[in-house]
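A structural walkthrough
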Number of protein chains: 2
Amino acid sequence: MLNRVRSAVAHLVSSSGTSSQRSKSPDLPNATSAPLAAPETPKSPRKKPGNEVCRPQKSLENPVSFSRPTFLQLSPGGLRRADDHADRAVQSPPDTGRRLPWSTGYAEVINAGKSRHNEDQACCEVVYVESRRSITGASKELSHNQGFCFYYWGLFDGHAGGGAAEMAARLLHRHIREQLKDLVEILQDPLPPPLCLPSTPGTPAVSTTSQLVSPQSCWSPQKEVTHDSLVVGAIENAFQLMDEQMARERRGHQVEGGCCALVVVYLLGKMYVANAGDSRAIIVRNGEIIPMSREFTPETERQRLQLLGFLKPELLGSEFTHLEFPRRVQPKELGQRMLYRDQNMTGWAYKKIELEDLRFPLVCGEGKKARVMATIGVTRGLGDHNLKVSSSTLPIKPFLSCFPEVRVYDLTQYEHCPDDVLVLGTDGLWDVTNDSEVAATVDRVLSAYEPNDPSRYTALAQALVLGARGIPRDRGWRLPNNKLGSGDDISVFVIPLGGPGSSYS
Amino acid sequence: MLNRVRSAVAHLVSSSGTSSQRSKSPDLPNATSAPLAAPETPKSPRKKPGNEVCRPQKSLENPVSFSRPTFLQLSPGGLRRADDHADRAVQSPPDTGRRLPWSTGYAEVINAGKSRHNEDQACCEVVYVESRRSITGASKELSHNQGFCFYYWGLFDGHAGGGAAEMAARLLHRHIREQLKDLVEILQDPLPPPLCLPSTPGTPAVSTTSQLVSPQSCWSPQKEVTHDSLVVGAIENAFQLMDEQMARERRGHQVEGGCCALVVVYLLGKMYVANAGDSRAIIVRNGEIIPMSREFTPETERQRLQLLGFLKPELLGSEFTHLEFPRRVQPKELGQRMLYRDQNMTGWAYKKIELEDLRFPLVCGEGKKARVMATIGVTRGLGDHNLKVSSSTLPIKPFLSCFPEVRVYDLTQYEHCPDDVLVLGTDGLWDVTNDSEVAATVDRVLSAYEPNDPSRYTALAQALVLGARGIPRDRGWRLPNNKLGSGDDISVFVIPLGGPGSSYS
């Protein structure tokens, strides 16, 4: 994200802060113990050839290294060209190579110079989930229930360094897999999820779900919990565990900065779209636009941030006030009445200015210039454990949330045609275009290709990236309307909704 | 609201708690000093005859008294009939009397026995706002700017006693008037609202807005604040001040219980619909339904409540946990893994049950049975300052918010026909019907009357109340489909959107 963190007022203090000791999943691979190239072990007989492992090309141990997604199959020369801020060549998986899972289209371009490397990262995987029960000794009769696959797409838009985005691209889907291991039988059982499981992970398995404590045996009334909400909970916890892992390993492994995360999980007929940050996902279906995410910024999360500052004033130090003013209050305005709003208000009112109001507002600015603590322009994501207010030891992380909002789209509820797509883009795309323009490009590009042409979705991703980047003219990157194109990193996934479908799940 | 507060587990401790000393508007009339029958002083030359003052028929000083809105013009005998739980006669303003402002329709009915009296209250007013500046000495040249009128409708659904609803019906619009006094010139000036006002209320007036500190004189960049958002802020602060007044006066004046508040302010061409609680407002326009409010319940506000419990665990005492479980955890389930979710999650996951999880969940139950601290089923409103958890001194008020959500509807953006209406109803209406059924009733009833028949909106309100109450059959109040009708108090306003229009503002 362009200027998401104001380097003028923020710095990274890599040596401070204590790392969290909590680990929900102690058996998870981590950056230290797991080989970076550890395969995702797709054991499912239904897994297609051509699904690749996404891993960074260089070890994170070398802080000056950088990487692009493996599925781009970049040669050393290609990697240099992808890193060229002057050319800004659009990158896609090669036509000659193996295609991405689910006929996915992908394209990306580096920024115009705002950071040394492209800080976006991407991952596209088919991940096999082996049941924790079957691992620990299920009977052979249950082999059909021993696992399932999920499709996975992730866009990670880094800021203040590429480390967090690289780590998330490499590991977040493993955290999701880990969270799903307990749910393999439950999600494939048409009965409602059991209220209780009798054992902790790793203890001897229960061979059938009927041996679990079923809802019927627990006294009513109790809340009904759906299968969908278990997947949502698994994704939410995976985000948190990923964030905690970054906190633990930030010192040894140069997990610099933070990243927005936009993730799609396809599982058992449904798309789960999880967003933490300001990337965006939309479905374009028969020309209609269906928003699949919303952005989390100081403006959209103002009341959450102000409430936290109000309830925990120690988080504001002596520098900030939780009240919002239209601009910073001047000392000469003491005693006057100025427009303000607090954590409870959506409207504005006048208040008499007191000494405390001269502090800097926790939330200030508008649009792309909106900031938390004058520093960061995005309020959800992974990492940022070392982010401090400039000239201060005040940490910003307590105001940032690592939790995504998850929306569910049931693929089976609609007969999708080959032109129906789910588009994921980092804010480099959305800063200079909007949903309607993207939908128009979807229509224009896809109608120029045969419905069964496998290159059409990559062509669409490229057209979207090119349309946001523009062409070099008048000392800048310009769009056809002569407005400035996006100078940010731009990354786009195009997922056809009429794609491989549920037969692959 | 039927069973909104579980009397089995909650009690009212009228002698405990300290009253807030804060008063934003010390010159506001209060229950002690202001005559209950104080007229709203409609000084505007544009104010129509027939606009009445809404005031309770009996003083609040007598705790056994009860009242219905004055605009019902009930005789002592009529008041007794309105209070009859067996008959449940529908009450409306008499045909022979003066009509409600804005051709408003109104109907109400008492509950089937859940509380001694009808705990709903209503208010319908035209309120004149005199500028605080002109009060304090504006020049005569500015007389056209000395004030304006707003139309006002309020529905107050009381619980655990009728005192809070009565007080809100009597005073909330005065708080709104008080908040608007500073804004009279600003709202009528096409320029953006000034960032600063040079004086505090009550100091010598500034005669023209050009003497105010204009946005241009404050350095940019600054956030633009709209006129609408000032009205929203005024309503929000008025709700808070009303709640604080209830806290101050609860001991001397028997302000029992609490109430939901659904309020509409029509001002300068726009309807501001403010809701705190589980009443509901919808617009039915050319058959289309436009929701104008949402309900605030333990389910819809779960994450706000859990976050507060998480950040301020002292508010939970040793009795409650901020985690949600599908039902209360049993001691024998210690060590098992049970479904849960915390303040960050919308999905569910399994966690190992520990000792702390045996506490009662802060939020529990579903639908109409959902409760905060096993006690109250609504999470926003006015009052409830004495509400405690049963057998405990733990106050529930910290979890309740007095702030409404305000939605704005611009009447000038659409050519309304006489059948376009804004319907306000307490939950007694919405518990047994839905938006579509109400829209169908709007169509059915209004099409049976001439467009200019002044009784059509009252007839519609009556039809809606009757349709929710049902008729006595099989030892209960039954709807035509033989389902149970609402046993709660039911109150309905019908506001025609093609009504008197902006010429009255």
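A brief structural summary. (Residues numbered from 1 in each chain as written. Chains lettered and ligands numbered in written order. Predicted model: local features only at pLDDT ≥ 70, side-chain atom pairs only at ≥ 80, totals over all residues. Heavy atoms only, no water.)

1. Thoughts on the overall build of chain A
Selection rule: Under the DSSP-based scheme used, a helix requires at least four consecutive residues in state H or I and a strand at least two consecutive residues in state E, with every element numbered from the N terminus. Residue exposure (1.4 Å probe, protein chains only): buried if accessible area is under 20% of the type maximum, exposed if over 50%, otherwise partly exposed. A contact between two residues is defined here by any heavy atoms of the two lying within 4.5 Å. Each accessible area is a Shrake-Rupley estimate made with a 1.4 Å probe; only the visible protein chains count as cover when residues are assessed.
In terms of helices and strands, chain A carries 9 helices and 22 strands. Looking at chain A residue by residue over its 505 residues, the buried ones come to 60%. Within chain A, residue pairs in contact and separated by at least 24 positions form 72% of the contacts whose partners lie at least 6 positions apart. Carbon and sulfur atoms make up 51% of the accessible area of chain A, which totals about 19700 Å².

2. Re the interface of chain A and chain B
Condition: Buried area, as used here, totals the accessible surface that two parts lose on assembly, with accessibility defined by a 1.4 Å probe and the loss added over both. Take a side-chain nitrogen of Lys or Arg and a carboxyl oxygen of Asp or Glu: if they are within 4 Å of each other, that pair is a salt bridge. Identification of polar contacts relies on pairs of N or O atoms within 3.5 Å, with a donor-acceptor requirement for protein atoms, meaning one able to donate a hydrogen and the other able to accept it, and with residues adjacent in sequence counted only if both atoms are side-chain atoms. Under the scheme applied, nonpolar residues are Ala, Val, Leu, Ile, Met, Phe, Trp, Tyr, Cys and Pro; charged residues are Asp, Glu, Lys and Arg; polar residues are all the others, including Gly. Paired strands are those between which DSSP finds at least two bridges.
If you look at the interface, chain A gives 58 residues, while chain B gives 58 residues. Carbon and sulfur atoms supply 57% of the area buried between chain A and chain B, which totals about 4800 Å² over both sides. Across the chain A-chain B interface, the total number found is 2 salt bridges. Between Asp182 of chain A and Arg337 of chain B there is a salt bridge; the shortest N-O distance is 3.1 Å. Taken together, the connections running from chain A to chain B amount to 16 residue pairs in polar contact (both at pLDDT 80 or more). Looking at the side of chain A that touches chain B, the elements with two or more residues in it are strand S5 (196-197), helix H5 (227-253), helix H6 (302-311), strand S11 (337-340) and strand S12 (349-352) of chain A. Considering every element that reaches the side of chain A that touches chain B, the biggest residue donor is H5 of chain A, with 7 residues. Here the side of chain A that touches chain B is built from residues that sort into 29 nonpolar, 13 polar and 16 charged. Two elements, S5 of chain A and strand S11 (residues 337-340) of chain B, share 2 bridges in a ladder whose sense is antiparallel. Pairing of Leu197 of chain A across the sheet is with Arg337 of chain B, part of S11 of chain B.

3. Observations regarding the pattern of salt bridges
When the charged atoms of two side chains lie near each other, side chains of opposite charge can form a pair. Residue and element names in this part refer to chain B. By the definition in use, this model includes 47 salt bridges over all chains. Note that Asp488 is salt-bridged to Lys114, the shortest N-O span being 3.5 Å. Here Asp488, found in the loop between strand S21 (476-478) and strand S22 (490-496), pairs with Lys114, found in the loop between strand S2 (105-109) and strand S3 (120-130); they are 374 residues apart in sequence, far enough to count as distant. The exposure class of Asp488 is buried, given its relative accessible area of 0%. A salt bridge links Glu324 to Arg302; its shortest N-O distance comes to 3.6 Å.

4. Remarks on the sheet that holds S12 of chain A
Strand order across the open sheet formed by 3 strands is S12(A)-S11(A)-S5(B), with antiparallel pairing between neighbours. Looking at which strands have only one partner, the edges of the open sheet turn out to be S12 of chain A together with strand S5 (196-197) of chain B.

5. Some words on the packing of helix H8 (residues 435-446) of chain A against helix H9 (residues 456-469) of chain A
For any two helices packed against each other, one specifies the inter-axial angle together with the distance between the axes. All names here are of chain A. In plain terms, the rule: To obtain an axis, a line is fitted to C-alpha atoms, over the contacting stretch when the element is a helix, and the angle between two such axes runs from 0 to 180 degrees between their N-to-C directions. Oblique is the label for any angle not under 35 degrees, not over 145, and not in the 65 to 115 range, which are roughly parallel, roughly antiparallel and roughly perpendicular in turn. Left-handed describes a crossing whose near helix is turned anticlockwise from the far helix by less than a right angle; the clockwise case is right-handed.
Contact pair H8 / H9: the axes reach a minimum separation of 10 Å and the direction vectors enclose 140°. Regarding the angle of H8 to H9, the classification is oblique. Considering the relative orientation of H8 and H9, their crossing is right-handed. Here Val438, Thr441, Val442, Val445 and Leu446 of H8 come into contact with H9, specifically with Arg456, Tyr457, Ala459, Leu460, Ala463 and Leu464. Across the contact of H8 with H9, the residue classes tally to 9 nonpolar, 1 polar and 1 charged.

6. Section: the relation of the copies chain A and chain B
One copy of the chain maps onto the second through a rotation around an axis plus a translation along that axis. To keep it simple, the criterion reads: Superposing the copies works by least squares over the C-alpha atoms of residues that have pLDDT at least 70 in both of them.
Each copy superposes on the other: chain A lies on chain B with an RMSD of 0.0 Å after a rotation of 180° and an axial shift of 0.0 Å. Such a turn and shift between the copies fits a two-fold axis. Minimal C-alpha separation from the rotation axis in chain A is found for Leu311 of chain A, amounting to 3.7 Å. Most of the interface of chain A is mirrored in chain B: 100% of its interface residues are interface residues there too.

7. Comments concerning unusual backbone geometry
Residues and elements named next belong to chain B. Its identity is not glycine, yet Arg88 carries a phi of approximately 50°, on the positive side. Relative to the assigned elements, Arg88 resides in the loop between helix H1 (76-82) and S2. At Asn286, a residue that is not glycine, the phi angle is positive and equals roughly 55°. Among the secondary structure elements, Asn286 is positioned in the loop between strand S8 (280-285) and strand S9 (288-291). For Asn286, a relative accessible area of 63% puts it in the exposed group.

8. A few points about the packing of aromatic side chains
The following threshold applies: Note on ring pairs: Phe, Tyr and Trp rings are taken, using the six-membered ring of Trp, and paired if centres are within 6.5 Å. Classes follow the plane angle, with under 30 degrees stacked, over 60 edge-to-face and the rest tilted. Distance and angle both matter: a charge sits over a ring if NZ of Lys or CZ of Arg is within 6 Å of the ring centre and within 35 degrees of the ring normal.
In this structure the tally under the stated criterion is 20 aromatic pairs over all chains. Relative to Tyr106 of chain B, the ring of Phe71 of chain B has its centre 4.9 Å away and its plane inclined at 80°; by these criteria the two rings are edge-to-face. Of the two residues, Phe71 of chain B is situated in the loop between strand S1 (10-12) and H1 and Tyr106 of chain B in strand S2; the sequence distance between them amounts to 35 residues. For the pair formed by Phe71 of chain B and Tyr106 of chain B, the shared burial category is buried. Members of the aromatic cluster, joined through ring pairs, are Trp102, Tyr151, Trp153 and Tyr266 of chain A. Sitting above the plane of the Tyr414 of chain A ring, Arg285 of chain A keeps its charged end 3.7 Å from the centroid. Cation over ring: Arg380 of chain A sits above Phe296 of chain A, and NZ or CZ is 4.1 Å from the ring centre.

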